[in-house]
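The residues making up each chain are set out below.
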Amino acid sequence: MIGVTEEERGVCGLAVNTIHIMDCVEGMRRLQAGSVDVIVTSPPYNIGKNYNSYHDRKPRQDYLEWMGEVAAEAARVLADDGSFFLNVGGKPRDPWIPFDVVQRFRAHFELQNVIHWIKSIAIEKEDVGDYDRIAGDIAVGHYQPVNSPRYLSQCHEHIFHLTKNGDVTLDKLAIGVAYQDKSNIGRWKAAKRDLRDRGNTWFIPYPTIRSSLPHPTTFPVKLPEMCIRLHGCRPGLLVLDPFMGIGSTALAAISLGVDYIGFEIDPAYRGIAKTRIEEACRRRGDPGD
């Protein structure tokens, strides 16, 4: 196992700081009710991605019923003051997917925030305003171009922030940004320092890589980091990723000094995650296994 042993710490017999090889619904059923503080995950989108051990093209109704099972178990294991950050994207020919999926969560959660993960954006200089360091038009980030005269390229995905009752207090300034207009500091009652609410548009580009990805749909580590920080970090916080993949949520938890637990059905993906976790722990000087 990755991380501590069951004797050191466990949740109903499942070791924490571990990625368990098992179906996530089965795994969550073994967790104690209310035992998880934050869930960050990105389930398969059912758009035909080439996973090692999962067929990503189920009949739509079967897929959505499965998402309903995931939602029910996630609601049971999440603490009353917990946050669930659900990343779901679609595809140009089927843009309904994220909305169909989040409807299956509606019976169990309140939709407290909708965050837009921006992967790529183009801004013309005339729309930028008075930014001395921006001399011309800019286009930043990465996306997969769509070879179609009908559809636009997909440059963003949704992150649905789900909570039990819609009343979870967030640490918004933990992911805050500096004021562009410094005169707001002190003039606005809430602006006591040079930091403001980032809002619900997050520009998080993929890092530039020259080799193929070992997993077809992994998200950047910065995305779960920001989700966890927004919810609020504290000692003993437990983060769950039911679809751990190659370990991005685990790496985010390690970087923030909080605990994690995850499920993954593919041993190869878990092996890649194990290597990434061990490397991260070595950089921090922590034991990785």
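Please refer to the structure higher up on the page.
Residues numbered from 1 in each chain as written. Predicted model: local features only at pLDDT ≥ 70, side-chain atom pairs only at ≥ 80, totals over all residues. Heavy atoms only, no water.

I would appreciate a short explanation of the overall build of the protein in the present structure.
For the protein, the count of helices and strands is 8 helices and 12 strands. The proportion of buried residues among the 289 residues of the protein is 45%. Put simply, the protein shows about 15100 Å² of open surface, and 49% of that area lies on carbon and sulfur atoms. (Helix = DSSP H or I, 4+ residues; strand = E, 2+ residues; numbered from the N terminus. Buried < 20%, exposed > 50% of the residue type's maximum accessible area, 1.4 Å probe, protein only. Areas by Shrake-Rupley, 256 points an atom, 1.4 Å probe, with all protein chains shown as cover.)

Looking at this structure, how should I read a nonpolar patch on the surface?
There is a patch of nonpolar side chains on the surface, built from Ile121, Val140 and Phe203 and spanning about 200 Å² of accessible area. Mapped onto the elements, Ile121 comes out in strand 7 (residues 120-123). Classification of Ile121 as partly exposed rests on a relative accessible area of 35%. (Patch = residues over 30% accessible without salt bridge, like charges linked within 9 Å, V, L, I, M, F, W, Y side chains within 5 Å. Salt bridge = Lys/Arg side-chain N within 4 Å of Asp/Glu carboxyl O.)

Help me understand the pattern of salt bridges in this model?
Side chains carrying opposite charge are able to pair once their charged atoms draw close together. Enumeration over the complete set of coordinates arrives at 9 salt bridges. Linking Glu73 and Arg29 is a salt bridge whose minimum nitrogen-to-oxygen distance equals 3.8 Å. On the criterion of sequence distance, the pair formed by Glu73 in helix 2 (residues 60-77) and Arg29 in helix 1 (residues 24-29) is long-range, its members being 44 residues apart. Here Lys164 and Asp80 are joined by a salt bridge, their closest N and O atoms 3.4 Å apart. In this pair, Lys164 sits in the loop between strand 9 (156-163) and helix 5 (184-187) while Asp80 sits in strand 5 (residues 78-88), placing the two residues 84 residues apart along the sequence. On the basis of relative accessible area, Asp80 is assigned to the exposed category, the value being 57%. Each of Arg29, Glu73 and Arg76 takes part in salt bridges that share partners, so that together they form one network.

When you look at the packing of aromatic side chains in this model, what are you seeing that I'm missing?
Each aromatic ring pair is summarised here by two numbers: the centre-to-centre distance and the angle between the ring planes. Enumeration according to the criterion identifies 6 aromatic pairs in this entry. On the basis of an interplanar angle of 80° and a centroid distance of 5.6 Å, the ring pair of Phe84 and Phe105 is categorised as edge-to-face. A residue pair is termed long-range when its members are at least 10 positions apart, and Phe84 in strand 5 and Phe105 in helix 3 (residues 97-105) qualify at 21 residues. Accessibility classification places Phe84 together with Phe105 in one group, the buried group. (Phe/Tyr/Trp six-rings, centres within 6.5 Å; stacked < 30°, edge-to-face > 60°.)

Any functional reading would require information that these geometric values do not contain.
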